[in-house]
Amino acid sequence: MIDPAEMAERYRNARDLFLSNARLAKWEICSIPHPLQGPCEIDLFTDVAYCGNVESTNLLMVSSGTHGIEGYLGSEIQSRLLADDVMAVDRADRHAVMVHAVNPYGFAWHRRVNEDNVDLNRNFVDFGLPLAVNEGYEEFRSILNPVEWDDEYEVKLKAEAARALERMGLGALFKAVSGGQYEHPSSVQYGGNAPTWSRRTMEDIWVRAVAGKHRVTQIDLHTGLGSPGEGVLMTYGTEEQSRIKRARDMWQEILVSPPADTGDVLAKGVLGPHLESLASGRDVLAVVLEYGTKDPVEVLCAIVADNWLHHHAEVDSERGAQIKQLMLDAFYLDDISLREKAYLRAKEVVIAADAAG
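Because the structure is a prediction, the values reported are computed rather than measured.

Chemist: Hey, could you run me through the packing of helix α5 (residues 151-168) against helix α6 (residues 170-178) in this one?
Modeler: Packed helices, taken two at a time, are described by the angle their axes make and the gap between the axes. One way to put it is that α5 packs onto α6 with a least axis distance of 7 Å and a crossing angle of 125°. Viewed along their axes, α5 and α6 adopt a mutual orientation that is oblique. Across the interface between the two elements, A161, A164, L165 and M168 of α5 pack against L170, A172, L173 and A176 of α6. Split into classes, the residues belonging to the contact of α5 with α6 amount to eight nonpolar, no polar and no charged.

As structure tokens, this is what we get:
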């Protein structure tokens, strides 16, 4: 079980290793402080490391921790990429950037969401326009947001989720439950009511990084969906689109790209499409490298338990420690062989993207 002190130590260790490896690899570093603190009052940061030729028209970016706790595997991958000099520091024809902990608050507190209970990958919308309504979410809102949580409720939730999965299929259920909602701030999958600190910070990093660039590739590291340890590149679009053709040329069968009009595709509020929109008129490709961890029902259970904890209980309690362990189990690969498999896939993806630049 993981208590706040262990969460603080895990965050510090991950960040320290990333920064140490970046310095050893001769990358430049910029650290952006978060306005709030983490467990045990530790300071939190989004760290940006960069190398290569900033004047180049080619950019390769790798980011981690958009979904907070998912950043622990992403951080390990970034640190190993630095240690192995996979993205050569002296390339004159390419500028490389790593963003460590897009959402440092969720990273440190072992949450997918940020300090406002916002899922960042539902926050990248235009809040000046009417917000989308996820009609499918209402069917599950009650069971996803309990007032009481215990072993009996966990069993009930898993049984209900398993039945819904069999009835609807993974794609439709995922869209209903995870598609985002903008009406219930204390409920799971909340998209927010304004741009968050992490969104504004990432936009600023992005705008500075893409200035003067013509060809851009952005890879955002995630966990929690798919087969354990298996990394798959995810985006959306049709095979005729130039961005998908470029992705196929680089990554071939590693890429999963359902058509944009497929009913199960989640594109609203997501980081990648938003970043692409901020660099229109350029050859920009933003994708997710997603790693499987646990069964989807187990992952959902952890998310629901964590949301309950932060709204109805104390993090620094025995139950809190149990739930934080549940979160780590759902979004991190404890098996070293699976982490090695994950790293080798990331290395393959980054090398292909770097070579194509």
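Chemist: Explain the pairing of strand β3 (residues 58-63) here, please?
Modeler: Along any regular strand, the residues point their side chains to alternate faces of the sheet. Here β3 lies mainly inside the structure; six of its six residues are buried. Here β3 shows a buried face lined by N58, L60 and V62 and a second buried face lined by L59, M61 and S63. Where β3 lies against strand β5 (residues 215-228), six bridges are found, and the strand directions are parallel. Residue pairing in the sheet places M61 in a bridge with Q218 of β5. Bridge count for β3 against strand β4 (residues 95-100) is five bridges, and the pairing is parallel. Across the sheet, the residue bridging to L59 is H95, located in β4.

Chemist: What exactly am I supposed to notice about the nonpolar core here?
Modeler: Most often, soluble globular proteins have nonpolar side chains that are buried together. Within the largest apolar cluster, 81 residues are counted, with the highest numbers of intra-cluster contacts made by W27, L144, W149, I219 and W251. Ranked by residues supplied to this core, first place goes to helix α10 (residues 296-312) with 10 residues. Sequence-distant contacts of I219, defined by excluding residues within four places in its chain, comprise L60, M61, V62, S63, W251, V287, L289, V349, V350 and A353. Judged by nonpolar contacts, the second largest core, of 18 residues, contains L120, A209, V210 and V284.

Chemist: Help me understand the sheet that holds strand β6 (residues 231-234) in this model?
Modeler: The pairing of strands in a sheet comes from backbone hydrogen bonds and takes either a parallel or an antiparallel form. With mixed pairing, eight strands are arranged side by side in an open sheet as β1-β2-β4-β3-β5-β8-β6-β7. Unpaired on one side and paired on the other, β1 (28-37) and β7 (255-256) mark the two borders of the sheet. Docked against the sheet, helix α8 (residues 242-251) engages β5, β6, β7 and β8 (283-292), running at close to 55° with respect to β8.

Chemist: Is there a simple way to think about the environment of N145 in this case?
Modeler: Along the polypeptide, N145 turns up in the loop between α4 (141-144) and α5. Each residue touching N145, except ones within four places of it in the same chain, is listed here: Y137, S186, S187, V188 and N307.

Chemist: Looking at this structure, I do not really get a negative patch on the surface. What am I missing?
Modeler: Together, D3, E6, E9, E314 and D316 line one region of the surface with negative charge. Judged by its relative accessible area of 31%, D3 is partly exposed.

Chemist: Looking at this structure, I do not really get empty space enclosed by the protein. What am I missing?
Modeler: To find the voids left in a structure, one rolls a probe of water-molecule size over its atoms. One pass over the full model with this rule turns up three cavities of 30 Å³ or more. Approximately 100 Å³ is the volume attributed to the largest cavity. Along its surface, the largest cavity is lined by R111, R112, V113, N117, V188, Q189, I303, D306, N307 and M327. Here the element with the most residues in the lining of the largest cavity is α10; it accounts for three residues. Looking at the lining of the largest cavity residue by residue, the classes come out as four nonpolar, three polar and three charged. The calculated volume of the second largest cavity comes to roughly 70 Å³. In terms of lining residues, the second largest cavity is bounded by F140, I143, L144, L157, E160, A161, A164, L173, V177 and L300. Mapped by element, the contributors of at least two residues to the lining of the second largest cavity are α4, α5 and α6. Per-element tally for the lining of the second largest cavity: the top contributor is α5, with four residues.

About the criteria used
- Residues numbered from 1 in each chain as written.
- Predicted model: local features only at pLDDT ≥ 70, side-chain atom pairs only at ≥ 80, totals over all residues.
- Heavy atoms only, no water.
- Axes fitted to C-alpha atoms, helices over the stretch in contact; angles between N-to-C directions.
- Helix = DSSP H or I, 4+ residues; strand = E, 2+ residues; numbered from the N terminus.
- Parallel < 35°, antiparallel > 145°, perpendicular 65-115°, else oblique.
- Contact = heavy atoms within 4.5 Å.
- Nonpolar A, V, L, I, M, F, W, Y, C, P; charged D, E, K, R; others polar.
- Buried < 20%, exposed > 50% of the residue type's maximum accessible area, 1.4 Å probe, protein only.
- Pairing = 2+ DSSP bridges.
- Core = buried A, V, L, I, M, F, W, Y, C linked by side-chain atoms within 4.5 Å.
- Patch = residues over 30% accessible without salt bridge, like charges linked within 9 Å, V, L, I, M, F, W, Y side chains within 5 Å.
- Areas by Shrake-Rupley, 256 points an atom, 1.4 Å probe, with all protein chains shown as cover.
- Salt bridge = Lys/Arg side-chain N within 4 Å of Asp/Glu carboxyl O.
- Lys, Arg positive; Asp, Glu negative; His and termini not counted.
- Charge placed at Lys NZ, Arg CZ, Asp CG, Glu CD.
- 1 Å grid on protein atoms, 1.4 Å probe; cavity = no way out; pocket = protein on both sides within 12 Å on 5 of 7 lines; lining within 4 Å.
- Points joined across faces, edges and corners; volume = space filled by probe spheres on them.

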